[in-house]
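Each chain is listed here by its residues.
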Amino acid sequence: DVKVTQSSRYLVKRTGEKVFLECVQDMDHENMFWYRQDPGLGLRLIYFSYDVKMKEKGDIPEGYSVSREKKERFSLILESASTNQTSMYLCASRPLDRSYSPLHFGNGTRLTVT
Amino acid sequence: QKEVEQNSGPLSVPEGAIASLNCTYSDRVSQSFFWYRQYSGKSPELIMSIYSNGDKEDGRFTAQLNKASQYVSLLIRDSQPSDSATYLCAVHFGNEKLTFGTGTRLTIIP
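Calculation notes
Residues numbered from 1 in each chain as written. Chains lettered and ligands numbered in written order. Predicted model: local features only at pLDDT ≥ 70, side-chain atom pairs only at ≥ 80, totals over all residues. Heavy atoms only, no water. Disulfide = S-S within 2.5 Å. Helix = DSSP H or I, 4+ residues; strand = E, 2+ residues; numbered from the N terminus. Buried < 20%, exposed > 50% of the residue type's maximum accessible area, 1.4 Å probe, protein only. Salt bridge = Lys/Arg side-chain N within 4 Å of Asp/Glu carboxyl O. Contact = heavy atoms within 4.5 Å. Buried area = accessible area lost by both parts, 1.4 Å probe. Polar contact = N/O pair within 3.5 Å; in protein donor to acceptor, adjacent residues only side chain to side chain. Nonpolar A, V, L, I, M, F, W, Y, C, P; charged D, E, K, R; others polar.

## Here we look at the state of the cysteines
Scanning the model with the defined rule gives two disulfides over all chains in all. In this model, Cys 23 of chain A is linked to Cys 91 of chain A through a disulfide, with the two sulfur atoms separated by 1.9 Å. Judged by the sign of its S-S torsion, about -75°, the cystine formed by Cys 23 of chain A and Cys 91 of chain A is left-handed. Of this pair, Cys 23 of chain A sits in strand S4 (residues 23-25) while Cys 91 of chain A sits in strand S10 (residues 87-94), and the two are 68 residues apart along the sequence. Across the pair, exposure class does not vary: Cys 23 of chain A and Cys 91 of chain A are buried alike. Bridging Cys 23 of chain B to Cys 89 of chain B, the disulfide has an S-S length of 2.1 Å. A torsion of -70° about the S-S bond marks the disulfide between Cys 23 of chain B and Cys 89 of chain B as left-handed. Here Cys 89 of chain B lies in strand S9 (residues 85-92) and Cys 23 of chain B lies in strand S3 (residues 19-25), a separation of 66 residues in the sequence.

## A word on the pattern of salt bridges
Per the stated rule, a full pass over the model turns up nine salt bridges over all chains. Among the ionic pairs, Arg 36 of chain A bridges to Asp 38 of chain A, the shortest N-O distance being 2.9 Å. A salt bridge links Glu 57 of chain B to Arg 77 of chain B; the nearest nitrogen and oxygen atoms lie 3.4 Å apart. Placement of Glu 57 of chain B in strand S6 (residues 54-58) and of Arg 77 of chain B in the loop between strand S8 (71-76) and S9 is noted, with a sequence separation of 20 residues between them. Through salt bridges with shared partners, one network takes in Asp 28, Glu 30 and Lys 71 of chain A.

## So, the interface of chain A and chain B
Contact residues are listed per partner, giving 25 residues for chain A and 21 residues for chain B. Approximately 1800 Å² of surface area, both sides summed, lies buried where chain A meets chain B, with 54% of it carried by carbon and sulfur atoms. Between the two partners, chain A and chain B, sit zero salt bridges. The interface formed by chain A and chain B contains five residue pairs in polar contact (both at pLDDT 80 or more). Those elements that provide at least two residues to the side of chain A that touches chain B are strand S5 (31-38), strand S6 (42-49) and S10 of chain A. Residue composition of the side of chain A that touches chain B, grouped by class: 13 nonpolar, eight polar and four charged.

Encoded structure:
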């Protein structure tokens, strides 16, 4: 069974702090994704990666960066956290097999920026 | 902008009845379609995938796809209180990204 692990379930950070959200998957998936989820807005893609050291911007990349140094790990970085980045962050992975595989999600990190 | 649309609900259904959830999408070249269930405070979990026109059944769940009309639906038979959740429709528009609808909140009334 695919396991996607996000390092923190809840985080509280102050405005201006640099924040790292970590995600690890154990199924050797090529593709990894970071989404944020807000009430009424659904799931919005921030960044994704289809290989080590490769990254692509999603729909809302502003204020975020990512790092993928190893295939199993995909990190989301908030360079200078702001209150409008308070949200639920979801990491997901899937294999590189055209479009037919679903996403497997981690448990999510609820980030509060004060 | 490729889009996926769902009625946000809430949709209330009596226990034991059939719950019907609908989703429309904007692009005819879409290749694969998924339904996820999300309980409050939890992450989405996959319940159905469908790739071809027609119906696909899995237990109490049936996914229906009509590519010509650009809609996909999910039927839940014999609804149970444990089915109360938000249901997310997701579509692959031919690239690596999956686009989600905003979800339909379903409440099963005992």
